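Geometric and topological summary
Residues per chain are reported as follows:
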Amino acid sequence: FAAGGDDLSPDTVVVEYGCGRGGLAAAVLSLRPGLRCVLVERETRRHKFENRQESREERVLRLRLDIADFDFAAFVGAPLDAAALPKAVDFET
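Residues numbered from 1 in each chain as written. Predicted model: local features only at pLDDT ≥ 70, side-chain atom pairs only at ≥ 80, totals over all residues. Heavy atoms only, no water.

With that settled, consider the overall build of the chain. A tally of helices and strands in the chain yields 3 helices and 3 strands. Each helix and strand of the chain, ordered N terminal to C terminal, gives the series β-α-β-α-β-α. Relative to its 93 residues, the chain shows a buried fraction of 25%. Contacts in the chain between residues at least 24 apart in sequence constitute 47% of all its contacts with a sequence separation of at least 6. (Helix = DSSP H or I, 4+ residues; strand = E, 2+ residues; numbered from the N terminus. Buried < 20%, exposed > 50% of the residue type's maximum accessible area, 1.4 Å probe, protein only. Contact = heavy atoms within 4.5 Å.)

Now for the nonpolar core. One finds Val14, Cys19, Ala25, Val28, Leu29, Leu35, Cys37 and Leu39 forming the largest nonpolar core, which totals 8 residues. Of all the elements in the fold, those that place two or more residues in this core are α1 (23-31) and β2 (36-41). If you tally residues by element for this core, the top one is α1, at 3 residues. (Core = buried A, V, L, I, M, F, W, Y, C linked by side-chain atoms within 4.5 Å.)

Attention now moves to the side chain of threonine 12. Among the secondary structure elements, threonine 12 is positioned in the segment before β1 (13-17). Residues within four places of threonine 12 in sequence aside, it is in contact with Leu35 and Arg36.

On the basis of which strands lie adjacent, the open sheet formed by 3 strands has the order β1-β2-β3 and parallel pairing. The outermost strands of the open sheet, each flanked by one partner alone, are β1 and β3 (59-64). Each neighbouring strand pair of the sheet contributes to a mean axis angle of 15 degrees, computed without reference to strand direction. By the bridge criterion, 6 bridges tie β2 to β3 in an arrangement that is parallel. Bridge assignment links arginine 36 to a residue of β3, and that residue is arginine 59. In the packing of α1 onto the sheet, contacts are made with β1, β2 and β3, and the angle to β1 comes to roughly 155 degrees. (Pairing = 2+ DSSP bridges. Axes fitted to C-alpha atoms, helices over the stretch in contact; angles between N-to-C directions.)

Given below as structure tokens:
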């Protein structure tokens, strides 16, 4: 990616650990608008990148947790099957 290769699919997700203000995500999105970014940071920061976006086309998710608690394998695991999820009728008494 750093070399500017075009081998990234539209489904690519960039995960930035210890992101601080999100500078890496900002640089990535300036080169590849539309990619999804997940920012993992333990502390809250002022002037967050996602609050300054001129265009809301970027998809940025900020997770506030310790990096040691972030289960990357579970995060990128297979998506949930919609048929297996409970329906509203399951909660009616």
